[in-house]
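So you can see what is in the structure, the chains are spelled out below.
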Amino acid sequence: MTMRHVYAFSDGDGQNKKLLGGKGANLCEMTQIGLNVPPGFVITTEACLDYLEADELPASLLGQVRDEITNLEAATGRTFGAGPNPLLVSVRSGSALSMPGMMDTFLNLGLNEETLAGLIEQTGDERFAYDAYRRFIQLFGKVALGIDDEKFDAHFDEIKTRAGIKADVGLEAAHLREISERFLGVVRQEAGRDFPQDVMQQLQLAVEAVFRSWMGKRAVDYRREFDITPDMANGTAVNICTMVFGNMGDDCATGVGFTRNPGTGENEMFGEYLTNAQGEDVVAGIRTPKPLAEMETEMPEQYAQLVELRNKLESHYQEVQDYEFTIEKGTLYCLQTRNGKMNAAALVRTSVEMFREGLISREQALLRIDPEMLEQLLHPTLDPDSTTQPVATGLPASPGAASGKCVFDADLAEKLGNAGERVILVREETRPEDIHGFFAAEGILTSRGGKTSHAAVVARGMGKPCVAGAEGIDVDVALRLAHVGEQILHEGDVITLDGGTGEVYLGEIATLPADFSSELKELLDWADEVADLKVLANADTPDAANRAREYGAMGIGLCRTERMFNASDRLPIVIDMILANTEEDRKTALNKLLPMQRSDFIDLFTTMSPDPVTVRLLDPPMHEFLPTEQQLLEEIRTLRLYRDVVRGRNSALSAMVDSTPLPAPFSGLTEENVIDALTRKERMLKKVRELQETNPMLGHRGVRLGITYPEIYAMQIEAILEAAVECEKRGVEVQPEIMVPQVITSQELAHVTRTIGELTSNLKAEFGVNVHIKFGTMIETVRACTRAKKLAASAEFFSFGTNDLTQATFSFSREDAENKFLPMYNDSGILQDNPFEVLDIQGVGQLINMAVWNGRSVRPDLKIGICGEQGGHPASIRFCHHLGLNYVSCSGPRVPVARLAAANAKLTEKEFVGFDKPK
Ligand code: PEP
Ligand code: MG
């Protein structure tokens, strides 16, 4: 049986984009639903693949094409290759996925000396006919015969200049005839053959050229850039369609339209057209097209046809369409349609409005938006019209755009920020003690560190833009400047960051504000109704909690209490606690921290009432609260200098008879003061050296700290319990939860539950109240996954800390991986994604699955969530839904993305592939 390579538009399967390409399938579909599409047919992508493999057209193809041409002749009453009513066709590429402009196209194919004469006779318009002919010869010469455009353009320009004509429309028939003749000469000379007069030969060469363009550099690069794999699109189809002309007079036109405004989503006729023009004129920008609205008065009858076409397209495709049309002698033809590409604002608005209009279901409204796109709406973005080029690029660590004066330390950032200046904090890397600088800054730029560096995580939590690890920037804090390539950035110079792309610009670039519209709120409410997963936020301060609430967070899934220690009034007390040599001294410092933590918890619980707030007990190694050894050495050196100066001054003063004391502020600078400060710094240095660890992330941190210094966890637990009691007294319904980090064995949990038990009974004895607080553990070590059954016996909930769990599973240090080798691993395809952003389903996912399974086997109602960075990523959320987790927790600004992703995960659960849960 001969293979079928060709399908008439009236016959092809409109759903089979793989075989017929997107454009071809749509042409078939449009024809079959009764839209006015010029007759035509499609050559399949299979024929393309055969051609590319064998380097010749499949044997039966040309016979089938000839048959279809005969059908076209019958349908149109025209003749291919002969007058008086010649059939001309367009020959266009079209693969399963749209690759605009990447492959080749022919218009007016079928023109030769004979049909040209027929066309002149038929239209009585010699100018029109020669214009079509010269366009065809050039396009054919270029694409099918490989002749450079310049060879043709030189003649074209020469004739225009000679005639003193500026715009192409000024050319007359005689000019165009001469141009056509010259073009035929160009073909003869450059291709060493005559321009083919046999129209079937024209068609064959054109089809072969379109097939070849699938492997052309443009198309191959495009597929690589957009990760288009052969199972998404393999080979191009060829669409052969009867030509209709928008340039046969003033009752003709051509244009492109969107069924709704793709910039705003507004339900209006949107697009542009030109009367008496060919399609390419609209796109090429030679003449300025008119908005479609003008057509209503200029061509009212055709406008009415266009409105009808638009309505039919939308109601059939149930999606905003991007379509092309031509009006030939008063009759409207639709030449192409495809789903319209829109920005996030337009997608959201059209989703909500199309549902209200009854055009689509809620499920469709949710599924047609890629959750990641919502990010665009939640942060300011750089003005897309800006042409400024970036001076450096780092990692896009926290989205949003901001401009401000660069400052190189947190203190100055705070000072200027509080004085009303817009500042960008620029550091080599940031540390917890820089936190006050974050509060004051519009954005953060670091030259070292990855997307999970301190700067990145904190900025994301605050919803501020951050570019991390911009290695092209060399920060010199001492000189108060940074080198960016050849340029020098002085403190106070204005820079702009784009945290969504990682780009850094000199000077100020305008930004567009965030847009959390009422439509987005409505859409996300629908998402919440559909989803099984709850979406909680990682938030550590009342401010962040409030913001997360606005984004729709259904509680706090991770409050990193260490972040509460960083405020400038608290850090000195925390340092006292760390420096304490006895338990008693430590308790004195902790007693000062207790009321501060309690008041924060009261605020957090109240903001989130009645939803849960999961408080994680202290996690990071202690040294993170202290300055670095290097910093301390510098400070000690300076203080010693001061001490010597003060000593010198004192002895000089005492040598003077009747010396009067120095006026303020110099009088305060006593040797005692300086020595005090010096002693404190020296103690800090000693402590820093004591605390030094080879690998702090695997060292003395998390619950290990809580066991070696039980009074720290006791203070935190007490603050949580007392805050819960206080809220209850105020009539605020709360659901506090205590979570233990870095757990490896249930014995560790037993230590903490003992403390909770004791403090709860104390509280009961003191206030007569019974507080129940949910108790759970983070699962962020491999051992915790393997011991999940045992852990679930004492934990009421699990929260997967997939930042640490990924680190542990891969044996990658996340900072080093992201800065050194991960980009190369991703580029070369060794790893598909960055596992610190997208959950590694095959590896880390296996461990999670094991823990879920084992945990629930002993406690079926075990509440399980994820709170690592991956918790805000749609693909990871899909996996979490698949495993039956109860919630995901992510930084506040990711909450809307996660809410939509959670709904989409539920709606597409049946299509989930790539991971089998154990039965
Ligand atoms: C984690 O490890 O995933 C986590 C949430 O904890 P942190 O990032 O604070 O280590
Ligand atoms: Mg962790």
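Let us look at the structure shown here.

Definitions and limits used
Residues numbered from 1 in each chain as written. Chains lettered and ligands numbered in written order. Predicted model: local features only at pLDDT ≥ 70, side-chain atom pairs only at ≥ 80, totals over all residues. Heavy atoms only, no water. Buried < 20%, exposed > 50% of the residue type's maximum accessible area, 1.4 Å probe, protein only. Helix = DSSP H or I, 4+ residues; strand = E, 2+ residues; numbered from the N terminus. Pairing = 2+ DSSP bridges. Contact = heavy atoms within 4.5 Å. Axes fitted to C-alpha atoms, helices over the stretch in contact; angles between N-to-C directions. Parallel < 35°, antiparallel > 145°, perpendicular 65-115°, else oblique.

The side-chain alternation of strand 18 (residues 473–476) yields one buried face, formed by Ile473 and Val475, and one unburied face, formed by Asp474 and Asp476. Summarising the sheet, strand 18 and strand 19 (residues 481–484) pair through four bridges and their orientation is antiparallel. Looking at strand 19, one finds that Asp476 is bridged to Leu481. Taking the residues between adjacent antiparallel strands as the criterion, strand 18 and strand 19 are bridged by four residues, where Arg480 takes a positive phi near 55 degrees.

Reading across the sheet, the five strands line up as 8-7-6-9-10 and stay open at both edges, with antiparallel pairing between neighbours. Looking at strand neighbours, the two that pair on one side only are strand 8 (290–291) and strand 10 (331–339), the edges of this open sheet. With eight bridges connecting them, strand 9 (residues 321–328) and strand 10 associate as antiparallel partners. Residue pairing across strands places Asp322 opposite Arg338, the latter belonging to strand 10. Those strands touched by helix 12 (residues 300–317) are strand 9 and strand 10, and its axis lies near 150 degrees from that of strand 9.

Moving on to the packing of helix 5 (residues 126–143) against helix 6 (residues 149–163). Helix 6 packs onto helix 5 with a crossing angle of 155 degrees between their chain directions and a minimal axis gap of 9 Å. With respect to each other, helix 5 and helix 6 are oriented roughly antiparallel. For the pair formed by helix 5 and helix 6, the contact residues are Arg134, Ile137, Gln138, Gly141 and Lys142 on the first element and Asp149, Phe152, Asp153 and Phe156 on the second.

Note that the residue after Gly83, namely Pro84, is joined by a cis bond; omega there is 0 degrees. You can see Pro84 is positioned in the loop between helix 3 (61–76) and strand 3 (89–94). The residue after Ser609, namely Pro610, is reached through a cis peptide bond having omega 0 degrees. Within the secondary structure, Pro610 sits in the loop between helix 22 (583–608) and strand 26 (612–616). Even without being glycine, Asn108 reaches a positive phi, approximately 65 degrees. With respect to the secondary-structure elements, Asn108 resides in strand 4 (residues 105–109).

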